[in-house]
Amino acid sequence: MAKYKLEYIWLDGYQPVPNLRGKTRLADEAPKSVEDCPIWGFDGSSTQQAEGHSSDCMLKPVGLYPDVDRGDNAYIVLCEVMMPDCETPHPSNMRATVENDPDTWFGFEQEYFLFQNKRPLGWPTDGFPSPQGEYYTGVGYANVGNVAREIVEKHLDLCLAAGINHEGINAEVAKGQWEFQIFAKGSRKCADDLWVARYLLLRLCEKYSVDVEWHCKPFLGDWNGSGMHCNFSTKYMRETGGEKYFKHLMEVFERNKDEHIAAYGPDNHLRLTGLHETQSIDKFSWGIADRGASIRVPHSFVNNGYKGYLEDRRPNSQGDPYQIASRILRTISEVPTG
Ligand code: ADP
Ligand code: MN
Ligand code: MN
Ligand code: MN
């Protein structure tokens, strides 16, 4: 009888950013939905989530994804970490802090570097490659090396087979730097899909002896850092909005500037310098089509009577999308509607 492989994955308790963890559970029947996946447990004392004398943490399945790299009988089961009562979210469980709203939509643009032997793929062993210029959306061995694109393409296929709604991929400004974009409806869904996409990339890269460097500024100097722009819209922003509401929203974003930065990934002061299409970390600004602003307002937003989505350009590549989404929704909730 065929056995089904369910890879339960979750986020550990490491600070300031969690790591992905996973272990396999065998099942006799294929799960049809996440409801068919039982609650499971793990040793939290090995993941900075519990003390050794009371080590059990619970895994509550919240998402089910086909895992085609592992065959037809395999699934990834994305989990939230719960306390032993199975009802109280563990303190490390940031997903539980994201207000659940099916009508809020997010799009994350994940940038990252592929690394080998602690150097970006395609960089010389010593020194630096040619200055930035031709790498962004580039083609050819000189610009992208010889394995990076294969990895990126395979990752895209794995994500699509998993049902993740990629919107695009591209080579980025620094050599060895890449980006993928994911969009999803539902306040938690895009962050869920992003963590699964990160998991698939990390696991794929094992086969190539390649690491994924998520840090937002692996190289100081004239080398772009990695961001994770967060595009967001609530139903109210899309359907009602208006200039008055927008200006009020921006005031409240400004007031919460430091709280946002705290949720947007570590070491962001190295990246948000005011150079390389960023606003500096101690300033808040918004601007129409302005890639040097904290929040970029798309032309379409203004043309539609201040309705639609906004792009927060401050979150970085290492940020936890749950914490980012959670903070944005909290700030939005402080602005009265109607
Ligand atoms: P950039 O020029 O910064 O790369 P893009 O226009 O390529 O920006 O990407 C914008 C992203 O915004 C899309 O990939 C999508 O994920 C997201 N997006 C589009 N519409 C909405 C919306 N209504 N609500 C939230 N996010 C959206
Ligand atoms: Mn982009
Ligand atoms: Mn980009
Ligand atoms: Mn962007």
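Residues numbered from 1 in each chain as written. Chains lettered and ligands numbered in written order. Predicted model: local features only at pLDDT ≥ 70, side-chain atom pairs only at ≥ 80, totals over all residues. Heavy atoms only, no water.

Novice: Tell me about the coordination of the manganese ion (ligand 4), and name the residues and values.
Specialist: Here the manganese ion (ligand 4) is held by the protein donor atoms Glu109 (OE), Glu109 (OE), His229 (ND1) and Glu311 (OE), which lie 2.0 to 2.5 Å from it. Spacing between the donor residues of the manganese ion (ligand 4) along the chain follows E-x119-H-x81-E. The two metals, the manganese ion (ligand 4) and the manganese ion (ligand 2), are separated by 3.9 Å and share Glu109 as a common coordinating residue. Placement of His229 in strand E11 (residues 228-233) and of Glu311 in strand E14 (residues 310-312) is noted, with a sequence separation of 82 residues between them. Each member of the pair His229 and Glu311 is classed as buried. (Donors = N, O, S within 2.8 Å, 3.2 Å for Na, K, Ca; no water. Helix = DSSP H or I, 4+ residues; strand = E, 2+ residues; numbered from the N terminus. Buried < 20%, exposed > 50% of the residue type's maximum accessible area, 1.4 Å probe, protein only.)

Novice: So what's going on with the nonpolar core? Residues and values would help.
Specialist: Counting residues in hydrophobic clusters, the biggest one holds 66 residues, and the most contacted among them are Leu114 and Leu310. Among the elements that take part in this core, helix H3 (residues 189-206) stands out by supplying 11 residues, more than any other. Taken domain by domain, the makeup of this core includes at least three residues from each of domain 1 (4-93) and domain 2 (105-332). Listed in part, the 13 residues of the second largest apolar core include Ala27, Leu59, Cys79 and Val81. (Core = buried A, V, L, I, M, F, W, Y, C linked by side-chain atoms within 4.5 Å. Domains from an automatic or database assignment.)

Novice: Quick rundown of the sheet that holds strand E4 (residues 56-66)? Include the residues and the values.
Specialist: Reading across the sheet, the 5 strands line up as E2-E1-E5-E4-E3 and stay open at both edges, with mixed pairing between neighbours. The strands lining the two open edges of the sheet, one partner per strand, are strand E2 (20-27) and strand E3 (40-43). Pairwise comparison of adjacent strand axes, ignoring direction, gives a mean angle of 40° for this sheet. (Pairing = 2+ DSSP bridges. Axes fitted to C-alpha atoms, helices over the stretch in contact; angles between N-to-C directions.)

Novice: Tell me about the pattern of salt bridges, and please be specific about residues and values.
Specialist: All chains considered together, the criterion is met by 18 salt bridges. A salt bridge links Arg255 to Glu334, with the shortest nitrogen-to-oxygen separation between them at 3.8 Å. Residue Arg255 is found in helix H5 (residues 243-255), and its partner Glu334 is found in the segment after helix H9 (321-333); the two are separated by 79 residues along the sequence. The residue Arg296 makes a salt bridge to Glu311 at a minimum N-O spacing of 2.6 Å. With a gap of 15 residues between them, Arg296 in strand E13 (residues 295-297) and Glu311 in strand E14 connect regions that are remote in the sequence. Assigned by exposure class, Arg296 and Glu311 land together as buried. Among the ionic contacts, a cluster of salt bridges with common partners joins Glu277, Arg296, Glu311 and Arg313. (Salt bridge = Lys/Arg side-chain N within 4 Å of Asp/Glu carboxyl O.)

Novice: So, the domain arrangement of the protein: which residues are in play, and what are the values?
Specialist: When the domains of the protein are assigned, the result is domain 1 (4-93) and domain 2 (105-332). Look at where the C-alpha atoms of domain 1 and domain 2 centre, and you get two points 26 Å apart. Opposite the 16 residues of domain 1 that make contact, domain 2 presents 20 residues. Across the domain 1 to domain 2 interface the summed buried area is about 1,600 Å²; carbon plus sulfur atoms make up 68%. On the domain 1 side of the contact with domain 2, Leu20, Tyr65 and Asp69 bury the most area, a combined 35% of that side's loss. On inspection of domain 1 and its partner domain 2, the count reaches 2 salt bridges. For the salt bridge of Arg203 with Asp67, the shortest nitrogen-to-oxygen distance reads 2.6 Å. A breakdown of the residues in the side of domain 1 that touches domain 2 according to their chemical character gives 11 nonpolar, no polar and 5 charged. (Contact = heavy atoms within 4.5 Å. Buried area = accessible area lost by both parts, 1.4 Å probe. Nonpolar A, V, L, I, M, F, W, Y, C, P; charged D, E, K, R; others polar.)

Novice: Explain the coordination of the manganese ion (ligand 3) residue by residue, including any values.
Specialist: Ligation of the manganese ion (ligand 3) by protein atoms is provided by Glu111 (OE), Glu172 (OE) and Glu179 (OE), these donors lying 2.1 to 2.3 Å from the ion. We note that the donor set of the manganese ion (ligand 3) lies within a single chain, spaced as E-x60-E-x6-E. Between the manganese ion (ligand 3) and the manganese ion (ligand 2), the interatomic distance is 4.0 Å, and Glu179 donates to each metal, bridging them. Taken together, the positions of Glu111 in strand E6 (residues 105-116) and Glu172 in the loop between strand E8 (166-171) and strand E9 (177-185) put the pair 61 residues apart, joining distant regions of the chain. In this structure, Glu111 and Glu172 share a single accessibility class: buried.

Novice: For H3, give the residues involved together with the corresponding values.
Specialist: Over its 18 residues, H3 runs 26 Å from end to end, which matches the ideal 26 Å to within 8%, given 1.5 Å per residue. Burial runs high along H3: 15 of the 18 residues are buried. (Expected span 1.5 Å × (residues − 1).)

Novice: Account for helix H2 (residues 148-161), naming residues and giving values.
Specialist: For the α-helix, the turn length of 3.6 residues means that residues three or four positions removed from each other point alike. In this model H2 runs 20 Å from its N-terminal to its C-terminal C-alpha over 14 residues, within 8% of the 20 Å that 1.5 Å per residue would give. Taken together, the buried positions of H2 are Ala148, Ile151, Val152, His155, Leu156, Leu158 and Cys159. Projection of H2 onto a plane perpendicular to its axis shows the buried side chains occupying an angular sector of 165°, all on one side. Phi for Gly163, located one or two positions after H2, is positive at around 85°. (Arc of directions from axis to C-beta.)

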